[in-house]
Amino acid sequence: MPALSSGWPGCRRNSGAELPGARRGPARSRLFTLFQPVPALRRHFDVLTRALGKPVGAAVASVLGGMVAMHGLAALAIAGIGAALLVPYAGLLMPDAGTGPWQKLLAVAGLAVIVALVAAAVAGTVLLLFTRGLLRGLKDNGYGLCSGQTQPGHEGPAALTDWLHVYFNELAGKSVDGPPLSFGDLWGPDPATRRINLEVITSAVSQQMVYSIPFRPGTPMFYYDPTEWSRLFPPAVMAALAAPFGSGHDGPVIESAQGRELRPLPRHGDLPVVVAIRMSLSFPLLLSAVPLYAVDWSRTANQRTQAAVTAEERRGLRLRATRIWFSDGGIGSNLPLHLFDAMLPRHPTFAVNLKRPHPDHVIRPEDPGNEGGRIYLPEDDRGGRLRYWPEPDLVDGWEQHPPQAREKAPLAGLAGFLWSIVATMQNWRDEILFPTPGFRDRIVQISQKADEGGLNLAMPAGTIAALAEAGDMAARRLVARFHPSGAEGGAGWDSHRRARLTTFLGVMQPATVELASVMASVMATGTSRSTGSGTVADWLVLLDTDTRYQRSSAMRAEAARFLTGLDGIGAATPRKLSGQPRTLDVGSLKPLPQVRLTPRI
C-alpha cells in the first residue's frame, strides 16, 4: 500500500492516459483493453473471457462453444466419422426398411449412444487441444495470458504497463516521452526523510517468500535478462534500468542457465516505480510473472568460483544465477500495513479492505455511512472487533431456501472446503489485523457484490461507477473521522493515538518485567558464564567474544547503559498485594498484540 503526502507538487488529473473506467464503445470498458493477450494466446483469451459475467451453466456452454469454434476442423472430422456411423442405424428407421418394432427400438438406442459418444469425443478432443495450446503458451509467456505491454498490430489504447508508465509520468508532471518516474523522484533530495514514501509487496514464488520494494538492505542482488524484460516493459523503462550501469559494473559476469548475460537491477532511488507496481500486481495466469535472477551462494560451484580468485580476477568470472518468478504481492500479503508502522505513530496510515457484503447490512448506495452497507469504519474503540463468516456447507442466501434445498451438493461442499484452505494460507496474516486495536480503527471495509471487482474485466459502466463511488465514499469517511478539518475534528486521530499508546504500554511495560525476571534467573538456571547473582553483567559477558563489540568500547558502553536501564524499569515495577507485578496490559484494548523479533519483509 502506498503512503502519499498531501499537496504533492505536480499532482493533477491525468489528461493523456485514459482512466480504466472509461468506455471504449458500447461493449467493453477501458479496463478490458488494459489486458491484451500475446498473439499465441489471443484466441484462448477470447474463449475464456466469454464466461465473464455469466451464470455457471451459461459460462461453461459459452466456453465450450468457443473451443469447438477454435478447433473446428477437428470437431468436423469427428462429427463426420459419427455421421458415417449413424447411417446404418438411420436406415433401419426408414419406412421401407421392413424392420420390426424391436429392431427400430435398438436402432434408436444405437443412434443415441453414437450421438452421445460423438459429442463426448468432440468435447474431449477440443478440450485437449485447447488445453495443450494454452499450457504451451502460458509457459512461453511467463505463465500469463497477457504480458502487460501493448501487442503488435493492436489498434487502440495502450496496454497496462505502457498505460501505467504514461499515467505515472503525467501525475508527476514529467514528460511522457522522458525517463519513467523513479523512487528517487518520490523521495526528493533526502532519501532518509522521504517526501513521498511508496512501498509495495511482491511474491517471489520460486523462493516461497515475499519481498518489499524498494528492497531492504541485506536482500540479495537481483539481475534481469534484457531480452525477457523487453517483452514486459516499454523502451523508456528499459533505458532507465540500464542507465545506472552505463559504464559497466565492477564485478563478475552473471549469466542465466541458458548462458545469457544478465544485468543488475537498479536499487533504491534509481528503480522505476512502474517496475515495482508491475511486479506487485502480476495477477496469476492473467498477467505474466516477472523473472529476476540471483546467485545461489548455497551452491558449491558458486562458492568455489568466488573463493578461488583474487579481487582483480573476479571481474572475469562467470557466475550462474538462478531464476526467480515474481508474482502478485497479494499471494503473500494483501494488507501490508506493517510497512509504514512505528512503535508510536507520527501520522495516520490507512488501509482499504475489499470484502463480501454482510447478510444483515444490505448495500444501499443512498446511505453514505456505516448504515449503507457499502463501507464500514469503526466509530469508537468498541467497533470492528467482530468478524462475519458464512455458513460453509450451506448455499448462498440459504435463509430464503426451503430446508431441503439449503445444503450444498457434495462436490460444491468439497470445493468450498479446499478453497477455504487456500484462502486461509493466503489471508490469515491479514485477518488477524482486522479485530486488533490500533488496526481496526484505520481499516475501512468496502463491501463488493459478486459481480464487482476481481477478474471481471467486462463490468458494465454502472458497476465501475458504483465501485468508484464506494472508493470516494471511503476516502470521505476517513477524512471526516481523522482530519482536523473533518466533520469530527480529528477525533479519530486522537482515538487512534490513544489506542496505540495504551497498546504500546500494555505490551512493552510487561516485557520489561519479563526481562528483569529473565536476568535475575541467570544464576539460578546456570545458563550463563555468570560470576554474580543474576545481573546485567551476566549477559554483557556474552559480548566479550563478539567482534563487533570488541572493536568499539562505545558500543559496549551503550549496550550496558541500555540493558541496565531496561532492567531497572522492570525491577522497579510495583507489586500488588498478591505479590504479582502491576502490569499495564490490563488497561489495554483487547485483543492485545505482542512484540517479538521477526524477520523484516
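This is a predicted model, so every value here is computed, not measured. (Residues numbered from 1 in each chain as written. Predicted model: local features only at pLDDT ≥ 70, side-chain atom pairs only at ≥ 80, totals over all residues. Heavy atoms only, no water.)

### Some points on the nonpolar core
Next, step 1: Phe 35, Phe 222, Trp 229, Leu 241, Leu 265, Val 275 and Phe 326 are the most contacted members of the largest nonpolar core, which has 65 residues in total.
Next, step 2: The element that contributes the greatest number of residues to this core is helix H5 (residues 101-140), accounting for seven residues.
Next, step 3: Residues within four places of Phe 222 in sequence aside, it is in contact with Tyr 211, Phe 215, Arg 263, Pro 264, Leu 265, Arg 267, Leu 292, Tyr 293, Ala 294, Ile 324 and Phe 326.
Next, step 4: Of all hydrophobic cores here, the second largest spans 10 residues; its members include Ile 375, Ile 446, Leu 478 and Trp 493. (Core = buried A, V, L, I, M, F, W, Y, C linked by side-chain atoms within 4.5 Å. Buried < 20%, exposed > 50% of the residue type's maximum accessible area, 1.4 Å probe, protein only. Helix = DSSP H or I, 4+ residues; strand = E, 2+ residues; numbered from the N terminus. Contact = heavy atoms within 4.5 Å.)

### Here's the deal with a nonpolar patch on the surface
Next, step 1: Nonpolar side chains collect at one region of the surface, where Leu 414, Phe 417, Leu 418, Trp 419, Ile 421, Val 422 and Met 425 lie side by side and expose about 740 Å² of accessible area between them.
Next, step 2: Inspection of the secondary structure puts Phe 417 in helix H12 (residues 410-431). (Patch = residues over 30% accessible without salt bridge, like charges linked within 9 Å, V, L, I, M, F, W, Y side chains within 5 Å. Areas by Shrake-Rupley, 256 points an atom, 1.4 Å probe, with all protein chains shown as cover. Salt bridge = Lys/Arg side-chain N within 4 Å of Asp/Glu carboxyl O.)

### Considerations on the environment of Ala 450
Next, step 1: By secondary structure assignment, the location of Ala 450 is in the loop between strand E16 (443-447) and helix H13 (461-482).
Next, step 2: The exposed category is assigned to Ala 450, whose relative accessible area is 88%.
Next, step 3: Residues Ala 450 and Gly 53, 397 residues apart in the sequence, show an inter-C-alpha distance of 9.7 Å.

### Looking at the confidence of the model for the protein chain
Next, step 1: The pLDDT averaged across the protein chain works out to 85; a share of 89% of its residues lies at or above 70.
Next, step 2: Note on residues 528-533: pLDDT under 50 across the span, and 13 contacts to partners over four residues away in sequence or across chains. (pLDDT = per-residue confidence, 0-100.)

### Some words on the packing of helix H14 (residues 491-520) against helix H18 (residues 553-571)
Next, step 1: Between H14 and H18, the least distance of the axes is 7 Å, while the angle of their chain directions is 105 degrees. Relative to H18, the element H14 is oriented roughly perpendicular. Together, Thr 512, Val 513, Leu 515, Ala 516 and Met 519 of H14 and Leu 563, Leu 566, Asp 567, Ile 569, Gly 570 and Ala 571 of H18 make up the contact between the two elements.
Next, step 2: Split by residue class, the contact of H14 with H18 holds eight nonpolar, two polar and one charged. (Axes fitted to C-alpha atoms, helices over the stretch in contact; angles between N-to-C directions. Parallel < 35°, antiparallel > 145°, perpendicular 65-115°, else oblique. Nonpolar A, V, L, I, M, F, W, Y, C, P; charged D, E, K, R; others polar.)

### Things to note about the packing of helix H6 (residues 160-171) against helix H10 (residues 273-280)
Next, step 1: The geometry of H6 relative to H10 is characterised by a closest axis approach of 10 Å and an angle of 140 degrees between their N-to-C directions. Relative to H10, H6 is oriented oblique. Here H6 runs over H10; the crossing is right-handed. Of the residues in H10, those in contact with Thr 161, Leu 164, His 165 and Phe 168 of H6 are Val 273, Val 274, Ile 277 and Arg 278.
Next, step 2: Here the residues of the contact of H6 with H10 sort into five nonpolar, two polar and one charged. (Left-handed = near helix turned anticlockwise from the far one by under 90°.)

### Some words on the pattern of salt bridges
Next, step 1: A complete count under the given rule lists 19 salt bridges for this structure.
Next, step 2: Across the pair Glu 452 and Arg 374 runs a salt bridge, and its minimum N-O distance is 2.9 Å. Of this pair, Glu 452 sits in the loop between E16 and H13 while Arg 374 sits in the loop between strand E14 (351-355) and strand E15 (375-376), and the two are 78 residues apart along the sequence.
Next, step 3: With relative accessibility at 8%, the residue Glu 452 sits in the buried group.
Next, step 4: The salt bridge involving Arg 556 is made with Asp 544; its shortest N-O contact spans 3.2 Å. With Arg 556 in helix H18 and Asp 544 in the loop between helix H16 (536-540) and helix H17 (547-550), the pair connects residues that are 12 residues apart, well separated along the chain.

### A word on the sheet that holds E14
Next, step 1: The mixed open sheet is built from three strands, whose spatial order is E14-E16-E15. Two strands close off the open sheet at either side, each with one partner strand: E14 and E15.
Next, step 2: Along the sheet face, H13 touches E15 and E16 and points at about 155 degrees away from the line of E16. (Pairing = 2+ DSSP bridges.)

### Observations regarding H6
Next, step 1: Over its 12 residues, H6 extends 16 Å from the first C-alpha to the last, a length consistent with the 16 Å expected when each residue adds 1.5 Å.
Next, step 2: Counting buried positions over the 12 residues of H6 gives 10, a clear majority of the element.
Next, step 3: In the core, the buried residues of H6 are packed alongside helix H1 (30-33), helix H9 (235-242), H10 and strand E11 (285-287).
Next, step 4: Residue Gly 173 follows H6 closely and has a positive phi angle near 75 degrees. (Expected span 1.5 Å × (residues − 1).)

### Re the packing of aromatic side chains
Next, step 1: Counted by the stated rule, this structure contains 14 aromatic pairs.
Next, step 2: Each ring, one from Tyr 211 and one from Phe 215, has its centre 6.0 Å from the other, and the planes form 80 degrees; the classification is edge-to-face. Accessibility assignment for this pair places Tyr 211 and Phe 215 in one class, buried.
Next, step 3: Pairing Tyr 211 with Phe 222 gives two aromatic rings, centres 5.4 Å apart and planes at 85 degrees, and the pair type is edge-to-face. Placement of the pair is Tyr 211 in strand E7 (residues 209-213) and Phe 222 in the loop between E7 and strand E8 (223-224), with a sequence separation of 11 residues. The same class applies to Tyr 211 and to Phe 222, which are both buried.
Next, step 4: Taken together, the aromatic side chains of Tyr 211, Phe 215, Phe 222 and Phe 326 make up a single cluster linked through ring pairs. (Phe/Tyr/Trp six-rings, centres within 6.5 Å; stacked < 30°, edge-to-face > 60°.)

### Focus on unusual backbone geometry
Next, step 1: Going from Ile 213 to Pro 214, the amide bond is cis rather than trans, its omega being 5 degrees.
Next, step 2: Tracing the backbone shows Pro 214 in the loop between E7 and E8.
Next, step 3: Residues Lys 590 and Pro 591 are joined by a peptide bond in cis, for which omega reads 0 degrees.
Next, step 4: Mapping Pro 591 onto the fold places it in the segment after H18.
Next, step 5: The phi dihedral of Tyr 143 is positive, around 60 degrees, even though this residue is not glycine.
Next, step 6: Even without glycine at this site, Gln 208 takes up a positive phi of about 55 degrees.
Next, step 7: Turning to its location among the elements, Gln 208 is positioned in the loop between strand E6 (200-204) and E7.

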